[in-house]
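Structure at a glance
What follows is the residue order along each chain.
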Amino acid sequence: MLPQQRLELAIDIAREAGEKIVAARHGQAFNQRLKNGQELVTDVDVAVDTLISERLEASLPGEQRLSEELTPDREVMSTAESLWVIDPIDGTVNFAHGLRHVAVSIAWVSEGKTRLGVVHAPFLGETYTALYGQGAWCNGKPIHASRTGNLQRCLVATGFPYRRDSRPPLMRRLMAVLEHCQDVRRNGSAALDLCDVACGRLDAYYESVSPWDFAAGVLIAREAGARTGHLYPCPKGIPEDLYGENILVSAPEIHAELGDLLRAADANELRYD
Ligand code: IPD
Ligand code: CA
Ligand code: CA
């Protein structure tokens, strides 16, 4: 199946998944629990992952998938020729609290490059899409990242890992951004943070996340003209498009300066009076 047809399939599936998410909220009948000690997961996350996986399997039997709830084994990132990467609900905490910043994220990676991405936000009525080398769109209209060159005016998004012991070092980055940029947002969906960079509402986004959180969104941001990359070198053996540690995605002109600032914060080189 051609990438364009795969994209159309992924859009249809993401929209069907979105309808299930909206219906589940209206019904309010879902259980919540913690996985891995600290991560919230609801019945809806699992049900939506099942729906997406069944739909993909029906149309493209036997194709490999990496999905947060059903098939989260990351081994496949280094072995598969091509791979679907799925986050059934990005923004589970938002979903459980009745907030609207929630998305379905589906990407398809082949020969180490993300070829297409869909991020569908059912409560916001926005579907972001991108095709490798061909551009990025919101509800079918082309989108473009910010062209700012002024770090002081940048609105920067980030997030924090569920593991609380991983959070204290990130406070140094937060201080640096609050001091040198306009302000910070923590909106609770990495996929939508990346789409907000893609359409210029945010100037930058940095975080360490899992492959399913960012695979679709990072292609959408790149195809919209944002610069995408990592603060530190990536390990060999897995595609950089799926390596989620220390990612930085921003307006092209501020990428180097913001990267330097975040690395200086990590090295504890910054002083505030
Ligand atoms: C989370 C969201 C959040 C980010 C976390 C992710 P989830 O995904 O993307 O914005 O800060 O790192 O785990 O758990 O809602 O699918
Ligand atoms: Ca996620
Ligand atoms: Ca999720």
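What counts and what doesn't
Within each chain, residues carry numbers counting from 1 in the order of the written sequence. Here every chain gets a letter starting at A, and every ligand a number starting at 1, in the order they are written. Side-chain atom pairs in this predicted model are given and counted only at pLDDT of 80 or more, local residue features only at pLDDT of at least 70, and totals for whole chains, interfaces and linings cover all residues. For side-chain calculations, the full set of non-hydrogen atoms in the structure is used, while hydrogens and water are omitted. UniProt positions are given in the numbering used here, feature names are shortened, and annotations may be inferred rather than shown by experiment. We count a stretch as a helix when DSSP gives it H or I for four or more residues in a row; a strand needs E for two or more, and each element gets its number in order from the N terminus. For every residue, the accessible area obtained with a 1.4 Å probe (protein chains only) is divided by the maximum for its type, and the residue is called buried under 20%, exposed over 50%, and partly exposed between those limits. In what follows, residue pairs with any heavy atoms lying within 4.5 Å of each other are defined as contacts. N or O atoms closer than or at 3.5 Å make up a polar contact, with two conditions inside protein: a donor-capable atom paired with an acceptor-capable one, and, for residues adjacent in sequence, both atoms drawn from side chains. The rule for pairing is simple: two strands pair if DSSP sees at least two bridges between them. An axis is simply a line fitted to the C-alpha atoms; with a helix, the fit covers only the stretch in contact. Between two such axes, the angle follows the N-to-C directions and lies from 0 to 180 degrees. Residue ranges for the domains originate in an automatic or database domain assignment. Two parts placed together each lose some accessible area under a 1.4 Å probe, and the buried area is that loss summed for both. Each reported salt bridge corresponds to a side-chain nitrogen of Lys or Arg within 4 Å of a carboxyl oxygen of Asp or Glu. For Na, K and Ca the donor cut-off is 3.2 Å, while for other metals it is 2.8 Å, and in both cases only N, O and S atoms qualify; water is not among them, so sites may look incomplete. For this purpose, a residue is taken to be near a molecule or strand whenever a single non-hydrogen atom of the residue falls within 4 Å of it. Residues are called lining when one of their atoms sits within 4 Å of a cavity or pocket point, these points coming from a 1 Å grid over the protein atoms alone, where a cavity is a set in which a 1.4 Å probe fits but cannot get out and a pocket is an open set with protein on both sides within 12 Å along at least five of seven lines. Think of it this way: a molecule belongs to a cavity or pocket when more than half its atoms come within 2 Å of the grid points there. Charged residues are taken to be Asp, Glu, Lys and Arg, nonpolar residues to be Ala, Val, Leu, Ile, Met, Phe, Trp, Tyr, Cys and Pro, and polar residues to be all remaining types, Gly included.

With respect to the UniProt feature "binding site: Mg(2+) 2" (unreviewed entry) in the protein chain
- The UniProt record marks Asp90 with the feature "binding site: Mg(2+) 2" (unreviewed entry), using the residue numbering of this structure.
- Relative to the assigned elements, Asp90 resides in strand S4 (residues 82–90).
- On the basis of relative accessibility, which here comes to 5%, the residue Asp90 falls in the buried class.
- Excluding residues within four positions of it along the chain, Asp90 makes contact with His101, Val102, Ala103, Ser189, Ala190, Ala191, Leu192 and Asp213.
- Among the polar contacts made by the side chain of Asp90, one reaches the side chain of Ser189 at a distance of 2.7 Å.

Examining the sheet that holds strand S3 (residues 65–67)
- With respect to topology, seven strands assemble into an open sheet ordered S3-S4-S5-S6-S7-S8-S9, the strand pairing being mixed. Across the chains shown, the open sheet's two edge strands, defined by having one partner strand only, are S3 and strand S9 (141–142).
- In this structure, strand S7 (residues 126–131) lies alongside strand S8 (residues 135–138), joined through four bridges in antiparallel fashion. Opposite Ala130, over in S8, you have Ala136 as the bridge partner.
- Sitting on the sheet, helix H1 (residues 3–27) is in contact with S4, strand S5 (103–110), strand S6 (113–121) and S7, with an inclination near 30° to S6.

Overview of the domain arrangement of the protein chain
- On domain assignment, one finds that the protein chain holds domain 1 (3–142) and domain 2 (151–266).
- Taken together, the 44 residues of domain 1 in the interface contact 29 residues of domain 2.
- Taken over both partners, the interface formed by domain 1 and domain 2 buries close to 2,800 Å², and the fraction arising from carbon and sulfur atoms is 65%.
- Per-residue buried area on domain 1 facing domain 2 is highest for Met77, His101 and Tyr128; these three make up 21% of the total on that side.
- Counting the contacts that link domain 1 with domain 2 gives one salt bridge.
- Between Arg201 and Glu126 there is a salt bridge; the shortest N-O distance is 2.8 Å.
- Counting every contact that joins domain 1 to domain 2 gives eleven residue pairs in polar contact (both at pLDDT 80 or more).
- At the level of secondary structure, the elements contributing two or more residues to the side of domain 1 that touches domain 2 comprise S3, helix H3 (76–79), S4, helix H4 (92–97), S5, S6, S7 and S8.

Examining the pairing of S7
- Counting buried positions over the six residues of S7 gives six, a clear majority of the element.
- Of the two faces of S7, the one lined by Glu126, Tyr128 and Ala130 and the one lined by Thr127, Thr129 and Leu131 are each fully buried.
- Where S6 folds back on S7, the antiparallel hairpin that results is connected by four residues, among which Gly125 adopts a positive phi of roughly 65°.
- The hairpin turn running from S7 into S8, its antiparallel successor, is three residues long, and Gly133 in that turn takes a positive phi close to 75°.

Topic: unusual backbone geometry
- Phi angles above zero are rare outside glycine, and Asn139 is one such case at about 50°.
- Relative to the elements of secondary structure, Asn139 occurs in the loop between S8 and S9.
- Look at Asn246: it is not a glycine, yet its phi comes out positive at around 55°.
- Secondary-structure assignment places Asn246 in the loop between strand S13 (227–230) and strand S14 (247–250).
- Judged by relative accessible area, which is 18%, Asn246 ranks as buried.

A short note on the coordination of the calcium ion (ligand 3)
- Listed as protein donors to the calcium ion (ligand 3) are Glu68 (OE), Asp87 (OD) and Ile89 (O); their distances from the metal cover 2.2 to 2.3 Å.
- Donor residues for the calcium ion (ligand 3), ordered by position in the chain, follow E-x18-D-x1-I.
- Between the calcium ion (ligand 3) and the calcium ion (ligand 2), a spacing of 3.6 Å is present, and a bridge between the two is formed by Asp87. Of this pair, Glu68 sits in the loop between S3 and H3 while Asp87 sits in strand S4, placing them 19 residues apart in sequence. Asp87 shares its class with Glu68; the two are buried.

Focus on the site of ligand 1
- With respect to spatial proximity, 16 residues lie near ligand 1, and among them Asp90, Gly91, Thr92, Tyr162 and Glu207 are the closest.
- For ligand 1, an oxygen atom lies 2.7 Å from a polar atom in the side chain of Asp90.
- Here an oxygen atom of ligand 1 and a backbone polar atom of Ser189 are 3.1 Å apart.
- The site holding ligand 1 turns out to be the largest pocket.
- Classifying every residue of the shell around ligand 1 gives five nonpolar, five polar and six charged.
- There are two domains that each give the shell around ligand 1 at least three residues, and those are domain 1 (3–142) and domain 2 (151–266).

Description of the UniProt feature "binding site: Mg(2+) 1" (unreviewed entry) in the protein chain
- In the UniProt entry, the feature "binding site: Mg(2+) 1" (unreviewed entry) is given for Glu68, Asp87, Ile89 and Asp213. Spanning 146 residues, the annotated positions come together in the fold, the maximum distance between their C-alpha atoms being 9.3 Å. Of the residues named above, Glu68, Asp87, Ile89 and Asp213 line the largest pocket.
- Residue position: Ile89 is located in strand S4.
- In contact with Ile89, not counting residues within four places along its chain, are Ile21, Val44, Asp45, Glu68, Phe95, Val102 and Ala103.
- Following the sequence through the fold, Asp213 ends up in helix H7 (residues 211–223).
- Ignoring any residue separated from it by four or fewer positions in sequence, one finds Asp213 in contact with Asp87, Asp90, Ala190 and Ala191.
- Of the polar contacts made by the side chain of Asp213, one reaches the backbone nitrogen of Ser210; its length is 2.8 Å.

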